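Okay, here's what each chain looks like letter by letter:
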Amino acid sequence: MEKALIVSEIVKKIRGKEVLKNVSFEVEKGQLLVLLGPPGSGKTTLLKIIAGLEKQDSGSIYINGVRVDETPPYERKVSMVFETLALYSHMTVYENIASPMVAEKKPKDFIDKRVREIAGILRIEHLLDRRADKLSGGERQRVAVARALAKEAEIYLLDEPFSNLDAKIRYALRTEFKKLKTILGKTLVLATSDPLDALALGDAVVFIEKGEVVQRSTPVELYYKPSRLDIARYLTGKILNEVIVKKKAEGGKTVIMSELDIAISESVLRDLQEIPAENIVLASHPDTAIIEKSVENCDGLKLKGRFLGYEYRGSEFLVFAEYKNHLFKALKYEKPLIDFNEPVEVCISREGLNFYNLDTGALVR
Amino acid sequence: MVSVRIDNVSKSFGSVQALRNVSLEISNGEFFAILGPSGCGKTTLLRIIAGLEKPTKGRVLFDEIDVTDVPAEIRDVSMVFQFYALYPTTVFNNIALPLRSRGLSPSETRERVVEIAKLVGIESILNAHVDRLSVADKQKVALARAIAKEPQLYLLDEPLTILDPVSRVIMRAELKRIQKELKQTIIYVTHDQIEALTLADKIAVMNFGVVEQVGTSSEVYDHPESVFVGWFLGEPGMNFVEASVEQDSLRIGGKPVLSERRILEDLKSKGYGNVLTGFRAEHVKISKAPITKLDSVAVIEGVVRVIEFMGTYYVVDVESDSAEFKVKIDPRSFSNLSIREGERVWCSVPLDKILFFDPNSSKRIDIGGDSG
Amino acid sequence: MRDYRRETRVYKIRKYLKLGILITIVVIYLLPIYGMFNLAFRPRAEMFTGFFVITQPTLENFVEAYEYGAYSAIVNSAIITAGGVGLALALAVLASYAFSRFKVKGKNLLMFYILSTRMMPPITLIIPIFIMYYTVGLKGTYLGLILVYGMMALPLSVWMTKSFIDDVPKDIDEAAMIDGHSTMYILFKIVLPMVIPGIAASAAFAAITIWNEFLFALLLSGIDTKPTSVLLSSIRGERGFNWGRVAAIEVIYIIPIIILVFWLQKHMLRGLTFGTVRR
């Protein structure tokens, strides 16, 4: 079975700067692959190269096993939703959706049937006669997706499809999108800077930073075992708990030191012994940490700090504690009854703890 | 610091009514959020408070003085917009300008600028030209400039919307810290309910030009007064499922889900044949085994349609006949359950976590004796 | 307690003072135009009485203008202007789309070159063109003037239209390319409709330039094709300067331009500020 898309060693320079460095990955038929990365990491350029709108400096693109580097965009069987949506603002919604079929010179009744069918799936039938510049944000998004679907393609590319929307609409559209994906059964590549898009929608996620592929895995793997410290930070919106330790050999024994006064449990000490690195960062998500007035039985890292407050997220609270200018966070499901500045104990559980080499940033355990 | 009162303000633009009879009270030093979807009128309301628009009807009062006819320049208000409007010069000059126009000496100006920059967290980029900054830093400069003016009132219009999701989370925490130190009256407009829940002392939830509810974070989250408020707050929003009030039970799609006497009697005595049940995704427990006993819980049977992994939790979309609702599960419970798309499940919600809403007016029904 | 009342009063006084100054300046500028309109309706007898008052307004000046050939001159102006603008726009649209969207070798140089043709004093060109036209038989024809004016209006039209097309995000072209449309379809059916205000603005500026032009018209037009600018110049040297008639001709000469500018002012303002603000 051929892969739907193979991206092979793509290199692209724009104005002397390397925007894409040796990017390679594959997408299976019917899969939704998410390209996740901070703004400016090269995702849009990569999508445009796959679509044929830009030419790579070296490397190849294969769609369904066929090398398409010399093929112009409209012959590549690719459809795209742009970050800016690129709707034809002076045309009606109907005309926008019909556009790809008009270009293919399909018969009028075929076009009419398809347009109404697609509009039905995306629930925009009532907007067909409206001009594209008279729509709300969520409606425009749907029209852009409808237009992309109207084209018969092997691969659908989406560039930040949820970015300019209200938080509420973004959430609703994401769920709808996931449902749609199952119904349509098409191969999709979605570029986004929002980690939630990647986690919620992707069958597989490729993390791109500064034009390089840093990790490729499933959403769950990516979340629990990010291969680099900066990926871990990016995924949690930088609310990672981090503790730095130094390993030194002193008189035949290995000693673990840290500028923070922490109590390390036996099991974690054993883990640390096995790591070949000298400067180690222990990092984990707030959901495996506890911040309370007192914590008993902490299998992991334990330290003391002062309570800084919390973020109310409706169904959960993100609690903050500070110690020697380091910020620690934990997730709690009830309202914390601790006062500002009160002393608290922080326990970072061994479960879910990842060990990173401070110098290289790579995951070691 | 100033207290603000909005007295029955209405605003129409031609035939479009942007605001209808809005009345709000904002106390001295309060962080007040106006929360609502795009187009609900919140920005218009903010502009009226700023003096950039005049209300069609109603008054705006600062410390009980009517300022409705006072031009914006005189109201002594600082505004931070969605799209920072910075002067094309260094960060330092942007912050220094309002200080210099107030007549501060160069040394006083420098001192103040550094002080404010430290507060906002940009003292390291004071000499940079604003063109070179990231979007998040630009917004910080806009904020610093607003602080330099030392106004009696701060108005912030969705200042974090243009930031990428990661920067937004960081800036939110920063804002909270700055707010605590400033201790000023701040009116903050946003469509992001987490922002409002986290930052505000009080929240006014708006929709289509009307204030649906005003309250603290927990008040609007746990005790929504209308379907809109219940749906808008929370990620995911409150679930709403229509149920019919029968003799012995509440039924969804013909199947009994709730049989608590007290609730049924109350609803029947109020003349309801149909109600909207509201419950939050995090209060639903999923079980793969059928649940038949209905005491102290409501049970809905359905099929799993979509599973979304959100990192710190999972959202499961369940369909039951024509009803659809979401369930929020923490990762550990999820892996213990191990459900897949297409599986049949039984969802239970504790009765004290269910709210009832009038299907016509969308307002919450007060069930005598319940905690909601 | 803040004294909003006093501060508002001070603020308002300043505002009205500034307004007053602005109004005065505007009035001073408009006075000559008013004078011209006023003159056009004066009968011979009242030519030099008081500045504002006319006891017996009359249309006789407009009749005399007709007898003088003013209306056919206006028609000539219109034909030449429409032709010149049409030619300039047709070429400008194609050229500016290419400049905006395609990688053209030496693009910046070419664009500058086009602009530079307008930097030369027109008088240096007039003799060679005159000789060329005379030889080829274009002297005195509409076509001749349309060609010259088309070339004159081209540079500004290209620059203005290009900036408007630049404002249309390239994404739109790309989406249309993915849809499968040809370049011509994209230009005429998708991009152009989006920049109609811009095209209108370019057309307006071109029209004003051509309508008012005198030098080339004087030397290259014939008796039947002479536009109003030439007509007005020949009014001098007659025994007894007929102010009223001149004013009348000027009035009908200026009215189409006033209507055009009022109609398109919003778009023209955008055209004037292009390139100054970067988003």
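Here is what the cut-offs are and how they apply
Residues numbered from 1 in each chain as written. Chains lettered and ligands numbered in written order. Predicted model: local features only at pLDDT ≥ 70, side-chain atom pairs only at ≥ 80, totals over all residues. Heavy atoms only, no water. UniProt positions renumbered as here; feature names shortened; annotations may be inferred. Contact = heavy atoms within 4.5 Å. Buried area = accessible area lost by both parts, 1.4 Å probe. Salt bridge = Lys/Arg side-chain N within 4 Å of Asp/Glu carboxyl O. Polar contact = N/O pair within 3.5 Å; in protein donor to acceptor, adjacent residues only side chain to side chain. Helix = DSSP H or I, 4+ residues; strand = E, 2+ residues; numbered from the N terminus. Domains from an automatic or database assignment.

Naming follows an unreviewed UniProt entry, where chain C appears as Carbohydrate ABC transporter permease of Thermosphaera chiliense. Reading the Sequence similarities (unreviewed entry) entry of the UniProt record for chain C gives the comment "Belongs to the binding-protein-dependent transport system permease family." Database annotation for chain C, UniProt heading Subcellular location (unreviewed entry): "Cell membrane".

An unreviewed UniProt entry lists chain A under the name ABC transporter ATP-binding protein, with Thermosphaera chiliense as the source organism.

Undergrad: Before we move on, can you summarise the interface of chain A and chain B with the specific residues and values?
TA: Of the residues lining the interface, 36 residues belong to chain A; the matching set on chain B comes to 45 residues. Of the roughly 3,300 Å² buried at the junction of chain A and chain B (both faces included), carbon and sulfur atoms supply 58%. Among the residues chain A hides against chain B, the three largest losses belong to Asp166, Lys168 and Tyr312 of chain A. Together they make up 21% of the total. Counting the contacts that link chain A with chain B gives three salt bridges. For glutamate 316 of chain A, the salt bridge identified is with lysine 328 of chain B, shortest N-O distance 4.0 Å. For the pair chain A and chain B, the interface holds 12 residue pairs in polar contact (both at pLDDT 80 or more). Of all elements in the fold, only helix 5 (167-184), helix 6 (195-201), helix 7 (219-224) and strand 16 (300-312) of chain A reach the threshold of two or more residues within the side of chain A that touches chain B. Among the elements that take part in the side of chain A that touches chain B, helix 5 of chain A stands out by supplying eight residues, more than any other.

Undergrad: Before we move on, could you go through the domain arrangement of chain A and cite the residues and values that matter?
TA: Residues and elements named next belong to chain A. What the domain assignment reports for chain A is domain 1 (3-227) and domain 2 (235-357). Taking only C-alpha atoms into account, the centre of domain 1 sits 39 Å from that of domain 2. Each partner contributes residues to the interface: domain 1 has eight residues there, and domain 2 has seven residues. Here domain 1 packs against domain 2, burying approximately 680 Å² in sum over the two surfaces, 57% of which is carbon and sulfur. Where domain 1 meets domain 2, there are zero salt bridges. At the surface where domain 1 touches domain 2, the tally comes to four residue pairs in polar contact (both at pLDDT 80 or more). Here the side of domain 1 that touches domain 2 gets three residues from one element, more than from any other, and that element is helix 7.

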